[in-house]
Every structure is written in C-alpha cells, then in structure tokens.
Amino acid sequence: MTTLVLVINSGSSSIKYQLVDVESGNPQASGIVERIGAQDGRVTHKGPDGKHSVELPVPDHEIGMQIVLSQFAEHGPVLDAAHLTAIGHRVVQGGSLFDGPALVDDDVLAKIKSLSPLAPLHNPAHLQGILAAKHAFGAVPHVVVFDTAFHQTLPPAAYTYALEKEIAKAHSVRRYGAHGTSHLYVSRAAAEFLGKDVTELNTIVLHLGNGASATAVRGGRSVETSMGLTPLEGLVMGTRSGDLDPAVLVHLSRTAGYSIDQLDSILNRRSGMLGLCGHTDMRDVNEAADAGDEDALLALEVYYHRIRGYVGNYYAQLGHVDVIAFTAGIGENDDRTRAGALRGLAELGIEVDPERNAGSKSEPTVISPDGARVTVLVVPTNEELEIARQAATLVGA
Ligand code: ADP
C-alpha cells in the first residue's frame with residue numbers, strides 16, 4: 001500500500017501541485033494552474049503519459065482546483081479519497097502560532113487569516129487554495145505546513161530585534177524566518193547522507209534560489225536564520241536587497257519622496273542581482289560576468305561577500321561547524337557561486353575542492369577535500385517531499 005499525499009502550494013494567481021509517494025519520495029504527477037483571475041489562464045499537468053498544457057480562463061481558485069481534479073481524471077493517475085492519505089498545503093507565515101504542521105479546522109484557518117498582516121501577499125492566497133481544496137477533496141484530511149515552523153526554536157536573542165519593545169510587541173515584530181521546510185529537509189538529508197544522527201551535527205544550510213537564506217542548525221534545531229519578519233532580510237537575492245541599513249528607507253523617503261509602496265517595490269522587486277546588474281537569473285549574471293560586464297562582476301562579489309559574512313557569523317554563533325550544505329537552484333547548480341562564497345575560509349577549516357565542486361549536482365555530494373574540518377556538501381532540496389512526509393506523519397499514515 002503506498003502513501004500518497006497531494007501537496008498544494010497556492011499563490012495569489014497560481015496553484016502548484018505535486019502528487020508524492022511518501023515511501024519512495026517520487027512524484028507521481030505534478031502541475032501548475034497559472035494566471036488565475038486573468039482571461040488567459042493556463043494549466044500544465046505532468047502525469048504518467050507525459051506533459052499536457054491547455055489555455056483556458058481560470059476565474060478563481062475554486063475553478064482552478066476543479067481543473068486540477070479534471071487533469072487527474074483525464075490524464076491520471078487516479079486521484080480519489082480511497083487513494084489519497086492527505087493533502088499537504090504549504091503556508092508561508094505561521095507567526096509564533098505554529099511550530100509544526102497542523103490539521104486544518106476552523107480554528108487553524110482563523111489563525112492563518114489572523115497572520116495575514118505579516119504575509120499580505122501569501123496567507124490570503126493560501127486560504128483561498130485551502131478552502132477550494134477542501135471543497136474538491138472533502139473526505140481527505142488537510143494538513144498545513146508552515147515555512148516559519150522550523151525556526152520557532154530560535155532563542156530570544158536571535159529572534160528579537162533591538163526595537164522599542166512595546167512597539168515590537170504590539171505589531172508582532174520579530175524574526176520568523178522562512179524556507180524552513182527546505183532547511184529542515186536539507187539538514188536531515190545531510191545527516192542521513194553522512195550516516196550521522198541529526199542531533200550530532202552542527203550545520204549551516206545555504207538555500208540559494210530566487211529567494212535565498214542561511215540557517216544555523218544545532219543538533220537538528222534551527223538556532224539562527226537570515227530571513228526576518230519577512231523574506232526580505234539577509235542574503236542578496238534575485239530581486240530582493242537582503243540586508244541594508246534601515247535608515248536607507250527613511251533617507252529615500254525624505255530626500256526622494258518615495259512612497260511606502262514604491263519603497264516596498266524597490267526593495268522586493270527591483271533590487272538584488274536585478275538591481276545591481278540587470279539580471280535575476282544567476283546563469284545570465286555569470287554569462288555577463290564572463291563577457292567582462294563590470295556590473296555583473298561586482299554583483300557576484302556582493303553576492304558572495306554577503307554569504308561569506310553569514311557563514312562567519314553562524315560559525316561564531318554555533319561555536320563549532322560540522323557541515324555546510326548548499327541547496328536550491330543556485331546552490332545545487334552553480335559551482336562558481338559555491339566556490340566564490342566560501343573563498344578564503346581555509347583558516348576556519350572550510351575548503352572547496354574544485355574537481356568535486358564542478359558542475360550541477362542532482363544527488364547529495366561532498367565538495368570539500370578529504371580531511372577538511374568542515375564537510376561541505378551539495379544537497380538537493382525537496383520541499384514537496386518534506387511537506388508530504390509531515391502531512392502523512394500527522395494523520396498517522
Ligand atoms: P525559487 O526560489 O523560485 O524556488 P529555485 O530554487 O528554483 O528558485 O532557483 C532558481 C534559480 O536558480 C534561477 O533563477 C537561477 O538563478 C538559478 N539556477 C538554476 N540553474 C542554474 C545553473 N545551472 N547555474 C546557475 N544558476 C542556476
């Protein structure tokens with residue numbers, strides 16, 4: 001008997017889904033409903049007989065979810081309550097209310113809604129997706145898995161901003177972190193790959209995708225992470241600035257008259273690699289740098305410099321580091337970033353072997369030389385499998 005979980009990631013204009021076999025870890029099907037709310041919606045379903053794409057208007061999430069059902073009915077595999085163990089929903093913001101997965105009921109839905117001010121683009125969209133999925137799959141248990149949950153073990157010294165405490169409390173301002181499902185999966189997969197118990201290892205996970213974050217994991221528990229109240233803080237990202245002096249906002253508002261919405265857009269959508277050199281995709285940045293583009297060369301150095309700073313910071317916070325694990329689109333594929341980010345750290349026992357590092361990695365791979373004090377790994381992330389596992393465990397499968 002297989003344990004099948006349908007994992008759903010519902011955004012404001014899209015529903016991504018993957019049917020995961022928890023035992024084998026293999027996806028049985030996956031797909032995306034895009035441009036929900038627009039006239040030119042599109043559905044792409046990958047099933048046992050290949051990839052199918054159709055264009056059709058998808059007015060809302062309810063209809064989007066019906067379309068997902070019809071894709072399974074038409075192209076397979078069979079998807080009904082008798083086959084499905086659970087539905088696992090990704091939710092970005094669980095605030096301080098969730099430190100693990102939860103079975104969806106009215107109370108949980110109300111809590112997710114109450115956290116919307118902390119994730120105005122995400123939590124309302126997740127709620128729409130969960131409600132639509134509950135209508136479509138009424139007989140199956142629904143589980144929510146939060147991006148923030150893994151970081152609920154951060155100690156107060158790590159999650160507290162040095163802000164006037166009454167203001168922070170009144171507005172729930174603290175570090176929540178993000179990418180928690182990936183950091184959890186990768187820190188465990190690294191331990192498993194090395195044949196160690198996760199409780200024996202101190203690991204720094206570098207999740208480098210379009211969004212990017214670093215986490216210090218002590219014995220399986222997140223103790224420090226680079227994203228903050230929102231996923232803007234920390235590393236340089238595709239379009240997000242990451243860390244900067246908060247007074248930059250005050251300065252730009254006072255001297256250039258930018259509004260709050262303009263500043264939000266500058267920091268989240270027009271900064272990072274895009275802002276520095278005009279490219280968001282690391283492949284394009286590398287290509288431009290190879291062609292001698294000065295902006296791209298500087299952007300790469302800024303990107304590496306920031307990561308190296310976090311590695312040093314987390315080394316000091318952990319006191320001892322066993323493993324550094326790279327993951328996500330850039331971490332798994334870009335050898336230049338991996339080498340650049342850890343350059344010059346040999347005194348800390350951190351080295352990258354150029355031959356081992358070369359190329360993309362689709363399996364856990366050691367990229368440090370034999371005998372290095374810190375084992376540097378590439379570990380492909382699998383957030384869908386982690387969500388599916390947590391959902392199956394919660395419903396007792
Ligand atoms: P998301 O945060 O959207 O989930 P991913 O983890 O899928 O992002 O990472 C996507 C990014 O990975 C791309 O924008 C690109 O910068 C980078 N990437 C993917 N493949 C490569 C590659 N071969 N070399 C360098 N960068 C790559």
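Computed from a predicted model, the values in this text were never measured in an experiment.

Moving on, we come to the pattern of salt bridges. Counted under the stated rule, the structure contains twelve salt bridges. Note that R175 is salt-bridged to E233, the shortest N-O span being 3.3 Å. One end of the pair, R175, is in the loop between α5 (165-170) and α6 (180-193); the other, E233, is in the loop between β11 (221-225) and α7 (247-256), and 58 residues separate them in sequence. In this structure, a network of salt bridges that share partners links the residues E34, R42 and E55.

Surveying the vicinity of the ligand reveals the residues G209, N210, G211, D281, M282, R283, A328, G329, I330, N333 and D334. Side-chain polar atom of D281 to an oxygen atom of the ligand: 3.5 Å apart, as the coordinates give it. Here a nitrogen atom of the ligand sits 3.5 Å away from a polar atom, N or O, in the side chain of N333. A total of 590 Å² of accessible area belongs to the ligand in isolation, and the protein chains cover 68% of it. Among the elements of the structure, α10 (282-290) and α12 (328-333) are those that each provide at least two residues to the shell around the ligand.

For D105, the location among the structural elements is in the loop between β7 (102-103) and α2 (106-114). Residue classification places D105 among the partly exposed positions, given a relative accessible area of 38%. Separated by 78 residues in the primary sequence, D105 and H183 have C-alpha atoms spaced 27 Å apart. There is a polar contact of 3.1 Å between the side chain of D105 and the backbone nitrogen of D107.

Counting residues in hydrophobic clusters, the biggest one holds 41 residues, and the most contacted among them are L206, L208, Y303, V311, I324 and I350. Where this core is concerned, the elements lending two or more residues are β9 (202-208), β10 (212-218), α9 (272-277), α10, α11 (294-318), β12 (323-327) and β14 (375-378). In contact with L206, other than residues within four places in its own chain, are S213, A214, I307, V311, I324, A325, F326 and T327. Counting 26 residues, the second largest nonpolar core, distinct from the first, contains F150, V186, A189 and I387.

Moving on: helix α3 (residues 123-136). For α3, spanning 14 residues, the distance from its first C-alpha to its last is 20 Å, which sits close to the expected 20 Å at 1.5 Å a residue. Of all the positions in α3, only N123, A125, H126, L127, G129, I130, A132, A133 and A136 are classed as buried. Where α3 is buried, its residues contact β1 (4-10), α1 (61-75), β6 (84-91), α2 and β8 (142-146).

In this section: the sheet that holds strand β4 (residues 42-47). In spatial order, the strands read β5-β4-β3-β2-β1-β6-β8-β7; together these eight strands make up an open sheet with mixed pairing. This sheet does not close on itself; its edge strands, each paired only once, are β5 (50-55) and β7. Pairing geometry for strand β3 (residues 27-34) and β4, over five bridges, is antiparallel. Its bridge partner lying in β4, G31 is registered against H45.

With that out of the way, let us pick up the packing of α2 against α3. Relative to each other, α2 and α3 sit at 155°, their axes nearing to 9 Å. Regarding the angle of α2 to α3, the classification is roughly antiparallel. For the pair α2 and α3, the crossing hand works out as left-handed. Along the contact surface, α2 presents L109, I112 and K113, while α3 presents N123, L127, I130 and L131. Its residues assigned to classes, the contact of α2 with α3 comprises five nonpolar, one polar and one charged.

Moving on, we come to the pairing of β5. With six bridges joining them, β4 and β5 adopt antiparallel strand pairing. Each bridged residue has a counterpart across the sheet, and for H45 the counterpart in β5 is H52. From the end of β4 to the start of β5, which pair antiparallel, there are two residues.

Moving on, we come to the sheet that holds β10. Pairing between sheet strands relies on hydrogen bonds along the backbone, with the strands arranged either parallel or antiparallel. A sheet is described by the order of its strands in space; here six strands give the open sequence β11-β10-β9-β12-β14-β13, paired in mixed fashion. Where the open sheet ends on each side, the last strands, each with one partner, are β11 and β13 (365-366). On top of the sheet, α11 reaches β9, β10, β11 and β12; it is set at about 160° to β9, its chief contact.

Conventions adopted
Throughout this description, residue numbers start from 1 for each chain and increase along the sequence as written. Selection of residues for local features in this predicted model requires a pLDDT of at least 70, selection of side-chain atom pairs for listing and counting requires 80 or more, and totals for whole chains, interfaces and linings are taken over all residues. For side-chain calculations, the full set of non-hydrogen atoms in the structure is used, while hydrogens and water are omitted. A side-chain nitrogen of Lys or Arg and a carboxyl oxygen of Asp or Glu constitute a salt bridge if their distance falls within 4 Å. Starting at the N terminus, helices and strands are each numbered in turn, a helix being any DSSP run of H or I of at least four residues and a strand any DSSP run of E of at least two. Only heavy atoms are used to decide nearness, and a residue is near a molecule or strand if one of them lies within 4 Å of it. By the criterion applied in these results, polar contacts are pairs of N or O atoms within 3.5 Å in which, for protein atoms, one can donate a hydrogen and the other can accept it, and in which residues neighboring in sequence qualify only through two side-chain atoms. Surface accessibility follows the Shrake-Rupley procedure with a 1.4 Å probe radius. Residue values consider only the protein chains on display as shielding. Each residue is assigned to one of three classes by its accessible area relative to the maximum for its type, calculated with a 1.4 Å probe on protein chains only: buried under 20%, partly exposed between the two thresholds, exposed over 50%. The set of buried Ala, Val, Leu, Ile, Met, Phe, Trp, Tyr and Cys residues whose side-chain atoms join them within 4.5 Å is what this entry labels a nonpolar core. Only heavy atoms enter the contact rule, under which two residues are in contact if any of them lie within 4.5 Å. Helices are assigned an expected span. That span is 1.5 Å times one less than the residue count. Two strands are counted as paired when DSSP detects at least two bridges linking them. Every axis corresponds to a line fitted to the C-alpha atoms, with the helix fit spanning only the stretch in contact, and the corresponding angles, defined between N-to-C directions, vary from 0 to 180 degrees. In this scheme, roughly parallel covers angles under 35 degrees and roughly antiparallel covers those over 145, while 65 to 115 is roughly perpendicular and the rest are oblique. Handedness of a helix crossing follows the sense of rotation of the near helix relative to the far helix, less than a right angle counterclockwise being left-handed and clockwise being right-handed. Side-chain classes follow a simple rule in which Ala, Val, Leu, Ile, Met, Phe, Trp, Tyr, Cys and Pro form the nonpolar group, Asp, Glu, Lys and Arg form the charged group, and the remainder, Gly included, forms the polar group.

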